[in-house]
Amino acid sequence: MSVLDHDSVFTSLQQSGPLAVTDSVSLTNPFSTDTKVWLKVLCQSSTFMTKYRALRNQVFEILHVSDYREIEPLLYDADLRAERSRRAHQLLGNMFGIQGTPREIKRSIQEYARTADAVINSLKGKLLAPFASHIALTNEIEITSDPVELLTIMFNDRYHKKARFEARRKLVLMSLAASIDQRERETEIEKKFSDFLVFLNKYVWSKNLKIGQHDIVYLLSHHTEEDFSCTDVTVIDRHEAKNIAKEPGTKLTLLKRRKFTYGKQDIPIYVSIRKKPPEAKVLKLLRKNEKNPAVAVDDELGLMAVLNTVSDIKMFQMHLTKSAAKANSFMVLEDMSDTLSTGKYSSTSIGSSSQTPMLKFFARLGGMRVEFIIHTNKSWLNYMNQQDVAHDEYEVKRFFDSGVAELLFPHDIFHLDMESIRNDMLKRFRKQIEQF
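So, a few notes on the structure that sits alongside this text.

About the thresholds
- Residues numbered from 1 in each chain as written.
- Predicted model: local features only at pLDDT ≥ 70, side-chain atom pairs only at ≥ 80, totals over all residues.
- Heavy atoms only, no water.
- Helix = DSSP H or I, 4+ residues; strand = E, 2+ residues; numbered from the N terminus.
- Buried < 20%, exposed > 50% of the residue type's maximum accessible area, 1.4 Å probe, protein only.
- Contact = heavy atoms within 4.5 Å.
- Areas by Shrake-Rupley, 256 points an atom, 1.4 Å probe, with all protein chains shown as cover.
- Lys, Arg positive; Asp, Glu negative; His and termini not counted.
- Charge placed at Lys NZ, Arg CZ, Asp CG, Glu CD.
- Salt bridge = Lys/Arg side-chain N within 4 Å of Asp/Glu carboxyl O.
- Core = buried A, V, L, I, M, F, W, Y, C linked by side-chain atoms within 4.5 Å.
- Pairing = 2+ DSSP bridges.
- Axes fitted to C-alpha atoms, helices over the stretch in contact; angles between N-to-C directions.
- Expected span 1.5 Å × (residues − 1).
- Polar contact = N/O pair within 3.5 Å; in protein donor to acceptor, adjacent residues only side chain to side chain.
- Patch = residues over 30% accessible without salt bridge, like charges linked within 9 Å, V, L, I, M, F, W, Y side chains within 5 Å.
- Phe/Tyr/Trp six-rings, centres within 6.5 Å; stacked < 30°, edge-to-face > 60°.
- Parallel < 35°, antiparallel > 145°, perpendicular 65-115°, else oblique.
- Left-handed = near helix turned anticlockwise from the far one by under 90°.

Let's talk about the overall build of the protein chain
Per the secondary structure count, the protein chain includes 19 helices and eight strands. With respect to the principal axes defined by its C-alpha atoms, the protein chain has extents near 80 × 50 × 40 Å. The buried share of the protein chain, taken over its 436 residues, is 49%. Relative to all contacts within the protein chain whose residues are 6 or more apart in sequence, the contacts with residues 24 or more apart total 69%. Split by element, the accessible area of the protein chain, about 22000 Å² in all, is 50% carbon and sulfur. With 62 positive and 56 negative side-chain charges, the protein chain shows a separation of 4 Å between the mean positions of the two kinds.

What follows is the structure, given as structure tokens:
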């Protein structure tokens, strides 16, 4: 289900429904012609009516009012807003299980506001970089982190339609950030990430290298003209790389590799370890059309590895199991998918390709559940470079095709043609990928 469907959990952000932000807002004229038209549309769907009532009740409770007319004094009385804000912070702190003093609760809510801004800023930095000026936050919204202040902006006709939409959007993103933070505190994800790094350094990586030490090599690869898939790849050192001439269809990719010891041999491995940042988790919740991070975000801890051969990958799997035993933990591999040999990958994720071979599984060990994605040099180069497979292209497709782009930047407010931008960004990333 798309985030733009009527049954979406993000109905309040949709500009195509009865909860859309309008050109103007009035709190003192409930019987206006515009209000009657809006009410007629709202009553056409029982789902809309239910969602509207729930949203209205939440707004009234946060602002501590009983009807819309009582909101108007809040628009002009800063002291009254401050009073309601203190109450709202306490309510929100209790809802999200934030422990501490009122100042500490306020600091946590300010952090949720920073995450909400980071969602938009991350899109300005990559997926919508050429259109950064179009989607830039209104100054007044960017500096506001108080939920009561943002709510009153939504009902203040002195603010432009774009600013009022951005205030609403920021509140929704802040709510998702708060749910993610609560989930992380409940699951102790920071501690688990630290424990995972300790486990890798103590039991997995070779003792012949210092912690953080890498061997730098390059992958010299050749790619087809049709779809830029990798035909062959050779590992060379930095000195050889200096003498490689630039040719069409050739790429030189740097890898910083660690090593693990299996038997008597040290086997090189490129590793990227990640803990998803909050803004990435917020975007994932939006793409999944889900407000519960326990359901939608199952890959909080992840490790991607690249090895020379399939044989090396099998040895790494066995080494992981033995390393877990040395750490006094049994290790179970869950949800395993091995498509390195078949070359076909089955995925239900929007924008993903069935041509992405990899070994993927979740490892449960030491109280953690870690996602592992493992490649050979060749499959990893395809994962990064092949047309319709490359991860940068996948990011573009899932962002636009899921409807999140239109949800966050509706056409009638930002005046952006998302279909055209999607195709333009795919071309930009394809050109960038195929450079030497």
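Considering the pattern of salt bridges
Going through the model one piece at a time under the given rule, you end up with 27 salt bridges. A salt bridge links K281 to E184; its shortest N-O distance comes to 2.5 Å. One end of the pair, K281, is in helix α12 (residues 278–287); the other, E184, is in helix α9 (residues 161–187), with 97 residues separating them in the sequence. In the salt-bridge network here, residues are joined through shared partners; they are E184, E190, K275 and K281.

Some points on the nonpolar core
Within soluble globular proteins, side chains that are nonpolar tend to cluster in buried spots. Counting residues in each nonpolar core, the largest one holds 71 residues, and the members touching the most others are L128, L286, F399, L408 and F409. A total of 11 residues in this core trace back to one element, the largest contributor, which is α9. Those residues in contact with L286 that sit more than four places away from it in its chain are V3, F10, L173, L176, V404, L407 and L408. Listed in part, the 30 residues of the second largest apolar core include I189, I269, A305 and F316.

Examining the environment of Y203
One can find Y203 in helix α10 (residues 189–204). Here Y203 falls in the partly exposed class, since its relative accessible area comes to 24%. Placed 57 residues apart in sequence, Y203 and F260 show a C-alpha to C-alpha distance of 9.3 Å. Not counting residues within four places of it along the chain, the set of residues in contact with Y203 comprises H319, S323, K326 and A327.

What to know about unusual backbone geometry
Its identity is not glycine, yet N328 carries a phi of approximately 65 degrees, on the positive side. Looking at where N328 falls in the secondary structure, it is placed in the loop between α14 (310–326) and β6 (332–338). Note on N328: relative accessible area 74%, which makes it exposed. Unusually for a residue other than glycine, D388 sits at a positive phi of about 70 degrees. Its place among the elements puts D388 in the loop between α15 (377–385) and α16 (391–401).

With respect to the environment of K264
Looking at the secondary structure, you find K264 in the loop between β3 (250–262) and β4 (265–275). Residues K264 and L92 lie 172 residues apart in sequence; the distance between their C-alpha atoms is 57 Å.

Let's talk about the sheet that holds β4
Within a sheet, each strand pairs with its neighbour through backbone hydrogen bonds, oriented either parallel or antiparallel. Overall, mixed pairing links the eight strands, which are arranged β2-β1-β3-β4-β5-β8-β7-β6 in an open sheet. Of all strands in the sheet, those with a lone pairing partner are β2 (230–237) and β6, marking the two edges. Ignoring which end each strand starts from, the neighbouring axes of this sheet average 35 degrees apart. Here strand β5 (residues 301–307) pairs with strand β8 (residues 368–376) via six bridges, running parallel. Directly across from L303, in β8, lies its bridge partner F372.

What about helix α4 (residues 78–95)?
For an α-helix, 3.6 residues make a turn, and residues three or four places apart therefore share a direction. For α4, which comprises 18 residues, the first-to-last C-alpha distance of 25 Å matches the rise-based estimate of 26 Å (1.5 Å per residue) to within 8%. By the burial criterion, the buried members of α4 are L80, R81, R84, S85, A88, H89, L92 and G93. If you follow the buried residues of α4, they end up packed against α2 (46–63), α3 (72–76), α5 (102–125) and α8 (147–154). Near the N-terminus of α4, the side chain that reaches the backbone nitrogen of D79, with its oxygen 3.1 Å away, is that of D77. Immediately downstream of α4, the backbone of G97 shows phi near 65 degrees, a positive value.

Here we look at a positive patch on the surface
Residues K202, K207, K322 and K326 make up a contiguous surface patch of positive charge. Tracing the sequence through the fold places K207 in the loop between α10 and β1 (215–223).

Things to note about the packing of aromatic side chains
For any pair of aromatic rings, geometry is given as the distance between the ring centres together with the angle between the planes. Tallied over the entire structure, the rule returns 12 aromatic pairs. With 6.3 Å between their ring centres and 90 degrees between their planes, F196 and F372 make a pair best called edge-to-face. Remark: F372 occurs in strand β8 and F196 occurs in helix α10; sequence separation between them is 176 residues. Like F196, the residue F372 is buried in the burial classification. Plain terms: the ring middles of F199 and Y203 are 6.1 Å apart, the flat faces sit at 35 degrees to each other, and that makes the pair tilted. A residue pair is termed a helical-turn pair when its members lie 3 or 4 positions apart in one helix, as F199 and Y203 do in helix α10 at four residues.

Re the packing of α2 against α8
Viewed as axis vectors pointing N to C, α2 and α8 meet at an angle of 125 degrees, and their least axial separation amounts to 10 Å. As far as their axial angle goes, α8 and α2 are oblique. Crossing of α2 over α8 shows left-handed handedness. Along its contact with α2, which presents V59, I62 and L63, the element α8 presents V148, L151 and T152.

Brief notes about the pairing of β5
Burial analysis of β5 places seven of its seven residues in the buried class, which makes it a mostly covered element. Burial of β5 is two-sided: the residues L301, L303, A305 and L307 facing one way and the residues G302, M304 and V306 facing the other way are all buried. As paired elements, β4 and β5 share six bridges and run antiparallel to each other. By the bridge assignment, S272 is partnered in β5 with M304.

Note that every value here comes from positions in space, so none of it alone points to a role or purpose.
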